[in-house]
Amino acid sequence: MLTNVIERRNVEYAPLIETFKKEVAGLNINGITGPHLPAIGECYTESKYKFAFCGMETYGWHLLESMLPKDNNVYLQEIDKCIDDFEYLGWATNYHATFWGFVLKFFSRFFNVNFNRMRNIDDADEEIKSIMKSFIWANTNSIERFGVSSEGQGANYDDWVKVKNASKTFDDINHILNSCAPRVVFIIYSNVDEKYYLNDSSLSEIYGVDESNRLNVLKLRNDELKYDYLYLRNSNTHIFKLPHPTWMGLYSGIGIERFVDSLIADIKTYHVWDTFPESQKDWKIENIQEIDKSSRENKFRIVASIAHSLVQNSAVMCGQDLASLFNMNGIVAQNGTPYAEDSGRGIYKLISSAWAYYNKKGDYQTAYDIARSYVNKNGEYAY
């Protein structure tokens with residue numbers, strides 16, 4: 001099992017890169033700009049708050065001819081260095097209407113960090129440096145439009161079109177979700193093709209997506225600030241589709257800061273995380289470990305949490321309904337199979353075991369809540 005995010009990203013993109021190289025072989029690539037693939041900061045894995053920032057395109061990237069001979073992992077690592085070496089701080093011509101201005105102003109407000117200290121990074125600011133290396137940078141178009149750089153570099157348009165078509169396999173947010181699982185994704189390009197972020201056909205099997213209901217999305221619109229919020233339930237991803245920072249900063253009459261404040265308020269309102277940073281020190285996960293949704297302890301915790309809510313509202317739940325809830329969220333029985341929703345086989349044994357677990361711990365209130373909350377289809381206590 002690959003536990004390192006960088007390794008998972010490399011494994012996800014390696015076959016795509018190989019296919020791309022085969023498709024462009026033999027073309028006249030002189031002057032054609034190569035693909036920009038997602039960059040991952042070296043502190044992303046440790047970060048408690050996992051963000052991905054996806055722009056429209058780069059503006060003058062590496063030439064394709066320099067990319068093709070390189071080992072795939074080497075090429076990806078070179079892109080990562082743009083974050084890890086803070087190269088992006090030299091790219092923003094201003095900070096009030098640019099992509100990188102948005103990124104820095106968001107982090108400044110979200111982590112309560114002085115903006116000028118981020119712009120003028122000091123080696124002594126270890127926590128700020130870590131925050132500034134804790135995100136993913138991607139683009140919805142891996143290869144820029146022809147007129148951005150390739151045309152001025154003498155590229156042949158027909159060959160550029162073939163390269164552009166070959167690159168479209170990269171232009172799919174699911175490759176980022178599959179390998180890096182960011183909790184919040186900012187797509188900072190309002191005209192992005194919907195296929196980029198609403199295409200479950202390439203979502204990894206790890207998410208256990210039901211083939212009969214693959215597209216499972218909640219969408220809300222902020223009419224005042226003209227951006228969309230989407231919750232992708234299949235991957236537990238929160239997406240904000242935003243206008244370009246130039247519009248935010250120069251033409252909206254509002255400014256990037258207002259957008260940032262609204263986004264942070266939304267992130268809190270939608271309970272993206274249970275807690276939020278009070279200072280720059282709160283950026284890091286103290287103990288990194290993956291939660292096994294189907295572990296005994298996690299299932300007991302869910303049974304208890306639901307029971308508390310039921311008791312508070314003088315309500316009960318049928319065991320088969322709990323089984324359905326578990327199955328819907330990919331929480332399986334000990335033998336790895338779904339719980340039986342008709343007969344209740346397995347689920348009542350789990351409820352009984354959860355009661356015994358909390359009773360043995362001396363948490364009698366929780367044990368009582370569990371005993372009181374779950375019934376069979378006839379409304380009778382079944383255990």
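The structure under discussion appears in the preceding block.
Residues numbered from 1 in each chain as written. Predicted model: local features only at pLDDT ≥ 70, side-chain atom pairs only at ≥ 80, totals over all residues. Heavy atoms only, no water.

Student: Please clarify how the overall build of the chain should be interpreted in this entry.
Tutor: Within the chain one finds 14 helices and nine strands. Along the longest, intermediate and shortest principal axes, the C-alpha atoms of the chain span 80 × 45 × 40 Å. Counting every position in the chain, which comprises 383 residues, the buried fraction comes to 50%. Contacts in the chain between residues far apart in sequence, at least 24 positions, make up 73% of those at least 6 positions apart. (Helix = DSSP H or I, 4+ residues; strand = E, 2+ residues; numbered from the N terminus. Buried < 20%, exposed > 50% of the residue type's maximum accessible area, 1.4 Å probe, protein only. Contact = heavy atoms within 4.5 Å.)

Student: Sorry if this is basic, but what is going on with the pattern of salt bridges here?
Tutor: Opposite charge on two side chains lets them pair, provided their charged atoms get close. This structure, assessed with the given rule, holds 16 salt bridges. Here Lys70 makes a salt bridge to Glu78, at a shortest N to O gap of 2.7 Å. Given a relative accessible area of 28%, Glu78 falls into the partly exposed group. With a closest N to O distance of 3.0 Å, Arg221 and Asp228 form a salt bridge. (Salt bridge = Lys/Arg side-chain N within 4 Å of Asp/Glu carboxyl O.)

Student: In this structure, what is going on with the sheet that holds strand E3 (residues 135-139)? I would like to understand it.
Tutor: Within a sheet, adjacent strands bond to each other through the backbone by hydrogen bonds, running parallel or antiparallel. Across the sheet, seven strands lie side by side as E1-E3-E2-E4-E7-E6-E5; this open sheet has mixed pairing. If you trace the sheet from one side to the other, it starts and ends with strand E1 (39-40) and strand E5 (217-222), each paired once. Pairing of strand E2 (residues 51-55) with strand E4 (residues 184-187), which is carried by four bridges, proceeds in the parallel orientation. Each residue of the ladder has a partner; that of Phe53, found in E4, is Phe186. Against the sheet, helix H4 (residues 99-110) engages E2, E3 and E4, with an angle of about 160° to E2. (Pairing = 2+ DSSP bridges. Axes fitted to C-alpha atoms, helices over the stretch in contact; angles between N-to-C directions.)

Student: Looking at this structure, I do not really get the side chain of Ser142. What am I missing?
Tutor: One can find Ser142 in the loop between E3 and helix H7 (157-167). For Ser142, the side chain forms a polar contact with the main-chain oxygen of Ser167, separated by 3.5 Å. (Polar contact = N/O pair within 3.5 Å; in protein donor to acceptor, adjacent residues only side chain to side chain.)

Student: What is the right way to read the nonpolar core from this model?
Tutor: Buried together is how nonpolar side chains tend to be arranged in soluble globular proteins. One finds Phe51, Phe53, Phe102, Phe106, Phe107 and Phe186 to be the most contacted residues of the largest nonpolar core, which totals 91 residues. When residues in this core are grouped by element, the largest group, eight residues, is from H4. Contact partners of Phe107, with chain neighbours within four places excluded, come to Phe51, Phe53, Asn112, Met118, Ile131, Ser134 and Phe135. In terms of nonpolar packing, the next biggest core, distinct from the first, is built from 24 residues, Ala304, Tyr348, Leu350 and Ile351 among them. (Core = buried A, V, L, I, M, F, W, Y, C linked by side-chain atoms within 4.5 Å.)

Student: So what exactly am I meant to see when it comes to the packing of helix H11 (residues 296-312) against helix H13 (residues 347-361) here?
Tutor: When two helices pack together, you describe them by how their axes are tilted relative to each other and by the distance separating the axes. As a packed pair, H11 and H13 sit with axes 10 Å apart at the nearest point and diverge in direction by 90°. Taken together, H11 and H13 sit at an angle that is classed as roughly perpendicular. Contacts between H11 and H13 involve Arg296, Lys299, Phe300, Arg301, Val303 and Ala304 on the former and, on the latter, Leu350, Ser353, Ala354, Tyr357 and Tyr358. In the contact of H11 with H13, the residues fall into seven nonpolar, one polar and three charged. (Parallel < 35°, antiparallel > 145°, perpendicular 65-115°, else oblique. Nonpolar A, V, L, I, M, F, W, Y, C, P; charged D, E, K, R; others polar.)

Student: How should the packing of aromatic side chains be read in this particular structure?
Tutor: Aromatic rings in a pair are described by how distant their centres are and how their planes are angled relative to each other. The tally for this structure, following the rule as stated, stands at 46 aromatic pairs. Ring geometry for Trp273 versus Phe276: centroids 6.3 Å apart, planes at 85°, classification edge-to-face. Residue placement shows Lys105 over the ring face of Phe115; its charged tip is 5.9 Å from the ring centre. The residue whose ring lies beneath Lys268 is Phe276, and the NZ or CZ to ring-centre distance is 5.9 Å. (Phe/Tyr/Trp six-rings, centres within 6.5 Å; stacked < 30°, edge-to-face > 60°. Lys NZ or Arg CZ within 6 Å of the ring centre and 35° of its normal.)

Student: Please explain the packing of helix H1 (residues 5-24) against helix H3 (residues 72-84) as it appears in this structure.
Tutor: It is at 9 Å that the axes of H1 and H3 come closest, and there the two elements cross at 120°. On the basis of the axis angle, H1 is oblique to H3. As for the relative orientation of H1 and H3, their crossing is right-handed in sense. Listed contacts from H3 to Ile6, Arg9, Asn10, Tyr13, Ala14, Ile17, Glu18 and Lys21 of H1 are Asn72, Asn73, Leu76 and Asp80. Split into classes, the residues belonging to the contact of H1 with H3 amount to five nonpolar, three polar and four charged. (Left-handed = near helix turned anticlockwise from the far one by under 90°.)

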